[in-house]
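# Coordinates in review
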Amino acid sequence: MSLLNDAAGVESSKELSRFRNDVYACLKARADALFELADALLCEPGPVRSPVDLTLSPEYRRGHGALYGALNHGRIDVAQLREVLAGLPLPRWPDGRIVLAVDVSPWLRSDAPCSAERLFCHVYGRAKSASQFIPGWPYSFVAALEMGRTSWTAPLDVVRLGPADDATAVTANQLRGVIERLITAGQWRTGNPDVLIVTDAGYDITRLAYVLRDLPVELLGRIRSDRVMRRSAPSREEFLLAHPRGGCPPKHGGEFALADPATWPEPAVSTLTDTTHYGKAETRAWDRIHPRLHRAWLDHEGALPLIEGTLIRLKVEHLPGDRDAPPVWLWSSKTGVTSTGVDRCWQAFLRRFDLEHTYRFWKQTLGWIRPKLRATQAADRWTWLLVIAHTQLRLGRHLIEDLRHPWVRPVPRGQLTPARVRRGFRNLRPLLAQPASAPKPSRPGPGRPPGVPNRRPAPRYGVGKTVKRGRTLAALQQSGQ
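For the structure given in this document, a descriptive report is provided here. For every chain, the first residue of its written sequence is number 1, and the numbers climb from 1 along that sequence. Thresholds applied to this predicted model are a pLDDT of at least 70 for local features of residues and 80 or more for the giving and counting of side-chain atom pairs; totals over whole chains, interfaces and linings are not thresholded and use all residues. The side-chain numbers reported here are obtained from all heavy atoms of the structure, hydrogens and water having been left aside.

### Remarks on the overall build of the chain
Tallying secondary structure elements over the chain gives 13 helices and 14 strands in all. Areas reported here follow the Shrake-Rupley algorithm with a probe of radius 1.4 Å; residue values treat only the protein chains shown as occluding. Just so you have it, the chain exposes about 24,500 Å², and 51% of that area is on carbon and sulfur atoms. The way it works is that DSSP assigns letters per residue, a run of H or I at least four long becomes a helix, a run of E at least two long becomes a strand, and they are numbered from the N terminus.

### Let's talk about the pattern of salt bridges
Basic side-chain nitrogens of Lys or Arg form a salt bridge, by our definition, when they fall within 4 Å of a carboxyl oxygen of Asp or Glu. Tallying each qualifying case throughout the model produces 28 salt bridges. In this structure, D166 and R207 form a salt bridge, with 3.1 Å as the shortest nitrogen-oxygen distance. One end of the pair, D166, is in the loop between β6 (153-160) and α5 (167-184); the other, R207, is in helix α6 (residues 205-211), with 41 residues separating them in the sequence. Judged by its relative accessible area of 16%, R207 falls in the buried class. D214 is the partner of R176 in a salt bridge, and the nearest nitrogen-oxygen pair spans 3.0 Å. Taken together, the positions of R176 in helix α5 and D214 in the loop between α6 and β8 (217-223) put the pair 38 residues apart, joining distant regions of the chain. Judged by relative accessible area, which is 53%, D214 ranks as exposed. Burial classes: relative accessible area under 20% of the type maximum marks a residue as buried, over 50% as exposed, and values in between as partly exposed (1.4 Å probe, protein chains only).

### What to know about the nonpolar core
In this structure, L100, I197, F256, W382 and F425 are the most contacted members of the largest nonpolar core, which totals 119 residues. Broken down by element, the residue count for this core peaks at eleven residues, all from helix α10 (residues 376-395). What F256 contacts, discounting residues up to four positions off in sequence, is R227, V228, M229, R231, T263, W264, P265, W286, I289, L311 and W329. Among buried residues, the Ala, Val, Leu, Ile, Met, Phe, Trp, Tyr and Cys ones that are joined through side-chain atoms within 4.5 Å form a nonpolar core. Contacts: residue pairs with any heavy atoms within 4.5 Å of one another.

### Overview of the side chain of R352
Structurally, R352 is set in the loop between α8 (339-351) and α9 (354-364). Among the residues examined, R352 registers a relative accessible area of 1% and is labelled buried. Non-local contacts of R352, meaning those with residues more than four positions away in its chain, are made with A101, D103, L145, V198, T199 and D200.

### Comments concerning the pairing of strand β7 (residues 195-199)
Burial analysis of β7 places five of its five residues in the buried class, the great majority of the element. Burial of β7 is two-sided: the residues V195, I197 and T199 facing one way and the residues L196 and V198 facing the other way are all buried. Note: strand β3 (residues 99-108) against β7, three bridges, orientation parallel. Its bridge partner being in β7, L100 is matched across the sheet by I197. Note: β7 against β8, five bridges, orientation parallel. Its bridge partner being in β8, I197 is matched across the sheet by L219. With strands facing away from the observer, any crossover in which the path from the first strand over the helix to the second runs clockwise is taken as right-handed. The parallel pair β7 and β8 is bridged by α6, and the resulting crossover is right-handed. Strands are labelled as partners when DSSP assigns at least two bridges between them.

### Here we look at the packing of aromatic side chains
A pair of Phe, Tyr and Trp rings is counted when the ring centres sit within 6.5 Å of each other, with Trp represented by its six-membered ring. The angle between the planes then sorts it: under 30 degrees is stacked, over 60 is edge-to-face, the rest tilted. Throughout the structure, instances matching the rule amount to 15 aromatic pairs. Where Y139 meets W368, the ring centres are 5.6 Å apart and the plane angle is 70°; that geometry is what we call edge-to-face. Of this pair, Y139 sits in strand β5 (residues 131-145) while W368 sits in the loop between α9 and α10; the two residues are 229 residues apart in sequence, bridging distant segments of the chain. Judged by relative accessible area, W368 falls into the buried class, the value being 0%. Residues W264 and W329 carry aromatic rings whose centres are separated by 5.3 Å and whose planes lie at 70° to one another, so their mutual orientation is edge-to-face. Taken together, the residues W264 in the loop between β10 (255-257) and β11 (269-274) and W329 in strand β14 (residues 328-332) connect sequence positions 65 residues apart. A relative accessible area of 16% places W264 in the buried class. Looking at W329, the relative accessible area reads 2%, which means it is buried. A network of ring pairs unites the aromatic residues W107, W137, Y139, F141, Y359, W362 and W368 as a single cluster. Directly above the aromatic system of Y210 lies the positively charged group of R213, at a separation of 4.0 Å from the ring centroid. For a ring to carry a charge above it, either NZ of a lysine or CZ of an arginine must fall within 6 Å of the ring centroid while also lying within 35 degrees of the normal to the ring plane.

### Some thoughts on the packing of helix α2 (residues 31-43) against helix α3 (residues 64-73)
Between α2 and α3, the least distance of the axes is 9 Å, while the angle of their chain directions is 105°. Judged by the inter-axis angle, α2 sits roughly perpendicular to α3. In this structure, α2 uses A33, L34 and L37 to contact α3, whose residues at the interface are A66, L67, A70 and L71. Gly is placed with the polar residues, together with every amino acid not listed as nonpolar (Ala, Val, Leu, Ile, Met, Phe, Trp, Tyr, Cys and Pro) or charged (Asp, Glu, Lys and Arg). Of the residues that constitute the contact of α2 with α3, the class distribution is seven nonpolar, no polar and no charged. Note on method: axes are straight lines fitted to C-alpha atoms, helices fitted across the in-contact stretch only, with angles between N-to-C directions ranging 0 to 180 degrees. The cut-offs work like this: below 35 degrees is roughly parallel, past 145 is roughly antiparallel, 65 to 115 is roughly perpendicular, and the gaps in between are oblique.

### Considering the pairing of strand β12 (residues 280-290)
Pairing of strand β9 (residues 228-231) with β12, which is carried by two bridges, proceeds in the antiparallel orientation. Note on β12: the bridge partner recorded for R230 is H290. In this structure, β11 lies alongside β12, joined through six bridges in antiparallel fashion. By the bridge assignment for β12, D274 is matched with K280. Connecting β11 to the antiparallel partner β12 that follows it, the hairpin turn spans five residues, and G279 within it adopts a positive phi of roughly 75°.

### Structural notes on α9
Considered for burial, the residues of α9 that qualify are D354, L355, T358, Y359, F361 and W362. Within α9, the buried residues cover an arc of 165° as seen down the axis, which keeps them to one side. Contact partners of the buried residues in α9: β3, β5, β6, α8, α10 and α11 (418-423). In this description, the arc belongs to the directions extending from the helix axis to the C-beta atoms.

### Looking at the environment of W329
C-alpha separation for the pair W329 and K315, spaced 14 residues apart in sequence, amounts to 9.0 Å. Residue contacts for W329: discarding those within four places in its chain leaves G221, R222, I223, S225, F256, L258, W264, W286, L311, I312 and R313.

### Let's talk about the environment of D111
With respect to the helices and strands, the residue D111 is situated in the loop between β3 and β4 (119-124). Exposure remark for D111: the relative accessible area of 53% places this residue in the exposed category. Each C-alpha atom, one on D111 and one on I134, is 10.0 Å from the other, the two residues being 23 residues apart in sequence.

### Here's the deal with α2
The length a helix should cover is 1.5 Å for every residue beyond the first. Its 13 residues place the ends of α2 18 Å apart at the C-alpha level, agreeing with the 18 Å of an ideal helix rising 1.5 Å per residue. α2 sits mainly inside the fold: 13 of its 13 residues count as buried.

In short, shape yes, function no, at least from these values alone.
In structure tokens, the structure reads:
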């Protein structure tokens, strides 16, 4: 490893070894088996087909019983691990800003009726505009994004959504915890740019902006192209000019129908940018645009708030492959943005799709959804082990010599994909800290006696939400709120 002779490489090696020691301190039960399982994930030469196959790896010095015992009965101090992740070096944008993305990826378990807390997860089918709902465990991820074209992200938190959870409330609490840990770790200080949080369609972006309004964050999310927004209400002077007899001034301005250009006023900001893969990217932004709040605010006490932001319309000439590109509508919680801020918003939104590369790498290479685990606690432990493994790959990507196949195109050092970094991690591992202790000799248990059936069948669980709202939209409207 000639790269370790450089000062930067030595510092990266120390950072990676420090992280491994911190991770081992977060493992409170079955620590050695869990830690070596993560190492086996990192050093496996090919895709993970089943967790039990990892017991044949030389990095895992225990038997298959220890593996299942670690997943089923181990314990990870998740709160401590989250603090460790928040203190690591994070990717930043040219202005020093941290950009986070939040998204949900399902672990589909349609064939597991004995697994609890499954939900109907929305997945896309192979046909155009085809989608279906399959039982599974949805996991919400928060990761830091890098600038430019890359398949790397920095996962900071993961939460499994349960049947009784409000997805927006859970996401808000998850984001609040991540931001507070970043502030505690010194990643954000007073005077730094606000943390930009990017979401895709499906999130109530205005509700998230209202709940997180006391944090130094800017929320950016895609909204549906058939939404009808509202412009800001006219001032008192403008209202009196239009209505000389006076009256109660309106709370909302005129309608802004995203599908009807006749309702669009002149944009406050317009930009035109040349891109490599999309042709010319044209954006138009309108300031102080807000939605009318209704269904998601049934439990709100008092008058509904007015949440204004910036509405951005992004239109590119074509998608890769000369496909037609429909316009994309974005809403930012910041008002008074400039042309630089508008360009930063749509560029950050395009970088949100780097999470899809992370999901694909986890599912197809690291085998995230391969185990047939029954307990949700075991699934959570397995998911956190993948976060630990992926973080080690990110910290060590500048220390790896590329083990390139003859038919694979070479890439510059430091620009390897996660899969190619993992291919050479086995050569880096002996140079890093090894906190796990050697296994002690033992004998396997006797197991169930032959001919004795299982007299305690596993319980079966239903699928779907279990909590209903106590109030309805009609009751809210009748109350005058």
